Amino acid sequence: MHISSQFDSGNIDVIDASNTQDIKLAIKKDNNSDFYQWFHFNVHNNEHTEHVFHITNAGQAAYVEGWQNYQAVASYDREHWFRVPTSFDGQNLTITFTPECDSTYFAYFAPYSYERHLSLLHNAQLSESCQLQVLGQTLDGRDISVLKVGEEVEGKPVIWLTARQHPGETMAEWFMEGFIDRLLDVDDGTAVSLLNSAVFYLVPNMNPDGSVRGHLRTNAAGVNLNREWENPTMEQSPEVYLVREKMLSTGVDMHLDIHGDEALPFNFVAGCEGIPSYDKRLEALENAFKNILLAITPEFQDDKGYDKDAPGQANLTVGSNWVGEQFNCLAYTLEMPFKDNLLLPDVDVGWSDNRSRNLGRDVLTAIYHLVDDLR
Ligand code: GEM
Ligand code: ZN
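Residues numbered from 1 in each chain as written. Chains lettered and ligands numbered in written order. Predicted model: local features only at pLDDT ≥ 70, side-chain atom pairs only at ≥ 80, totals over all residues. Heavy atoms only, no water.

**Q** Explain the side chain of Thr-317 to me, and be specific about the residues and the numbers.
**A** In this fold, Thr-317 is placed in the loop between helix H6 (280–296) and helix H7 (319–327). Not counting chain neighbours up to four residues away, the residues in contact with Thr-317 comprise Asn-226, Arg-227, Glu-228, Trp-229 and Glu-230. (Helix = DSSP H or I, 4+ residues; strand = E, 2+ residues; numbered from the N terminus. Contact = heavy atoms within 4.5 Å.)

Written out as C-alpha cells, the structure is:
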C-alpha cells in the first residue's frame, strides 16, 4: 500500500501505514500558520480489503466542531466524489473504507484543481461578453485573475463576486463555476437580461497559492486574507491588495464573498449589520436578497448562521464588511457547508460540487430580481 499527497492541493502526513487496519495519518498545518483542517490524499493498494485511516491530529484542527457528523469524501475517477463512513472520537477522525479499485482519493471536500481554475478562466474568455483580466501576481507568482462580464455604462450597477479567500473552502469555486457558466449562457434569458442591467467582476479564486499548497485558510505567507481588507500589503496579502485597488477603481454596488463553513450544516449569509454606516436602505436590500433567495431555493435558509454583529462592532478587516462600509452597498459573506444541508440531506454525496454549482445558478436569479434596486 502507498499513500501520497504530492499533487495539486494534496495534504497529509503518513505517520504509520504498516497495518491497513490501523493507518495513522496527520494533517499538515498551513505554511507559517497554525491553521489546518483541509486534507487530500491518495491510497494505492491492489488488495481490496477494509482500510481504517486515523487522522490523529483532528482534535486540534481549526474548527473541531466541524468533525461532528462529518463524512469524508472519496473518489476513484477524481470527478465523482461520494461520502464514506467517518467518525470522530474527540481526537482521531477515522475513515473506514473497503476500496473497489486499486487507487482511491480522499478529501475534506471535492477538490477544485488549479488546472480546472485555469480552464474556467480561459473558457470564459471565449464569450464575447467576457474579458479575462490579470491584476498582478501572488507571492508564489500565480496570476490574480478577474473576469469582467458585460459592459460598463454610466449608471449601470457594478457587481463583484469574490471566492475562496480560504483555499480549503473549495465549494466556493464550484459555486463560481455554476454562476459563471450561467451568466455566460447566451440562451439563458435571465442571464442575458441581467447583463443588460449590470456589469460583473468575478474572482473565482482569491487564493490560488493556498489552494495548490493544500492550505485550509491562508495564503503562501500564512496570512488569512479575510482579515486583511483594512490594510492589505503587497508583501503579505497581494491578493487582497490588488482586488481592493480594482474595486476602488470600478466602484461596487453589490458584493458577494463566497466561503464554506466547517460546522454549520446549512447555506446562509452573514451581513453588514455591524458596519458604522449600516442603515435602513442596506437593511432593506439585505432582507430583499434573502427573501428572494428563500423563494428560489430550499437549499438556502436564514434561521441558522453566524451571530449578528452589534451596531458599529463589525470587523472591518473582513472582506464583505470592508466593502459594505467603503461603498455603502449590499455586501454579504455567503457560506456553504462542508457537511450537508440538513434541510435537504443527501446521504450519498452530502453537500457537493454539483449542489454548489446549482446554488451559484440560483444566486444569479436572485441578483436578477434585485439589480434595479442596487443604486
Ligand atoms: C468568516 S466571515 C467572518 C464573519 N463575517 C461576518 N460578516 N459576520 C471568516 O472569515 O471567519 C468566513 C469563513 O471563514 O468562512
Ligand atoms: Zn471562509
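**Q** Describe the coordination of the zinc ion (ligand 2), naming the residues involved and giving the relevant values.
**A** The coordination sphere of the zinc ion (ligand 2) contains the protein donors His-166 (ND1), Glu-169 (OE), Glu-169 (OE) and His-259 (ND1), at a distance range of 2.0 to 2.4 Å. For the zinc ion (ligand 2), the 6 donor atoms in the first shell make angles of 51 to 150° at the metal, so the coordination geometry reads as irregular. Read in sequence order, the donor residues coordinating the zinc ion (ligand 2) give the pattern H-x2-E-x89-H. With His-166 in the loop between strand S13 (158–163) and helix H2 (171–183) and His-259 in strand S15 (residues 254–261), this pair connects stretches of sequence that are 93 residues apart. Overall, the relative accessible area of 2% leaves His-166 in the buried class. (Donors = N, O, S within 2.8 Å, 3.2 Å for Na, K, Ca; no water. Tetrahedral: all angles 85-135°; square planar, octahedral: opposite > 155°, others 65-115°. Buried < 20%, exposed > 50% of the residue type's maximum accessible area, 1.4 Å probe, protein only.)

**Q** How would you sum up helix H3 (residues 189–197)? Please name residues and give values.
**A** Helical geometry note: an α-helix holds 3.6 residues per turn, so side chains three or four residues apart project in the same direction. The set of residues buried in H3 consists of Ala-191, Leu-194 and Leu-195. For H3, the angular spread of buried residues about the axis comes to 100°, placing them on one side. Exposed and facing more than 90 degrees away from the buried side of H3 are Gly-189 and Asn-196. At the N-terminal boundary of H3, the capping side chain belongs to Asp-188, with an oxygen 3.0 Å from the backbone nitrogen of Thr-190. (Arc of directions from axis to C-beta. Polar contact = N/O pair within 3.5 Å; in protein donor to acceptor, adjacent residues only side chain to side chain.)

**Q** Tell me what's going on with the site of ligand 1, and back it up with residues and numbers.
**A** Around ligand 1 lies a shell of 13 residues, among which His-166, Arg-217, Asn-226, Arg-227 and Glu-335 are the nearest. Asn-226 is positioned with one of its side-chain polar atoms (N or O) 2.8 Å from an oxygen atom of ligand 1. Taking Glu-335, its side chain carries an N or O atom lying 2.8 Å from an oxygen atom of ligand 1. A total of 400 Å² of accessible area belongs to ligand 1 in isolation, and the protein chains cover 88% of it. Among the residues forming the shell around ligand 1, the class breakdown is 2 nonpolar, 6 polar and 5 charged. (Near = heavy atom within 4 Å. Areas by Shrake-Rupley, 256 points an atom, 1.4 Å probe, with all protein chains shown as cover. Nonpolar A, V, L, I, M, F, W, Y, C, P; charged D, E, K, R; others polar.)

**Q** An account of the environment of Asn-31 is needed here, citing residue identities and associated values.
**A** Following the sequence through the fold, Asn-31 ends up in the loop between strand S3 (23–26) and strand S4 (40–44). Look at Asn-31 and you get partly exposed, because its relative accessible area is 35%. On a C-alpha basis, the gap between Asn-31 and Gly-210 in space is 8.8 Å, while along the polypeptide they are 179 residues apart. The residues touching Asn-31, leaving out its near neighbours within four places in the chain, are Arg-213, His-215, Thr-218, Ala-220, Ala-221 and Gly-222. A distance of 2.7 Å separates the side chain of Asn-31 from the backbone oxygen of Ala-220, its partner in a polar contact.

**Q** Account for H2, with residues named and values stated.
**A** With 13 residues, H2 extends 18 Å from end C-alpha to end C-alpha; this agrees with the ideal 18 Å at 1.5 Å per step. Where burial is concerned, most of H2 is hidden: 12 out of the 13 residues are buried. Of all the positions in H2, only Met-171, Ala-172, Glu-173, Trp-174, Phe-175, Met-176, Glu-177, Gly-178, Phe-179, Ile-180, Arg-182 and Leu-183 are classed as buried. (Expected span 1.5 Å × (residues − 1).)

**Q** Account for the pattern of salt bridges, with residues named and values stated.
**A** Inspection of every chain in the model, using the stated rule, returns 17 salt bridges. Note that Glu-177 and Arg-357 form a salt bridge whose closest N and O atoms lie 2.6 Å from each other. Placement of the pair is Glu-177 in helix H2 and Arg-357 in helix H8 (residues 353–370), with a sequence separation of 180 residues. Its relative accessible area of 7% is what places Glu-177 among the buried residues. Judged by its relative accessible area of 18%, Arg-357 falls in the buried class. For Arg-355, the salt bridge is made with Asp-340, and the minimal N-O distance between the two is 2.8 Å. Of this pair, Arg-355 sits in helix H8 while Asp-340 sits in the loop between strand S17 (330–337) and H8, placing them 15 residues apart in sequence. Judged by its relative accessible area of 12%, Arg-355 falls in the buried class. (Salt bridge = Lys/Arg side-chain N within 4 Å of Asp/Glu carboxyl O.)

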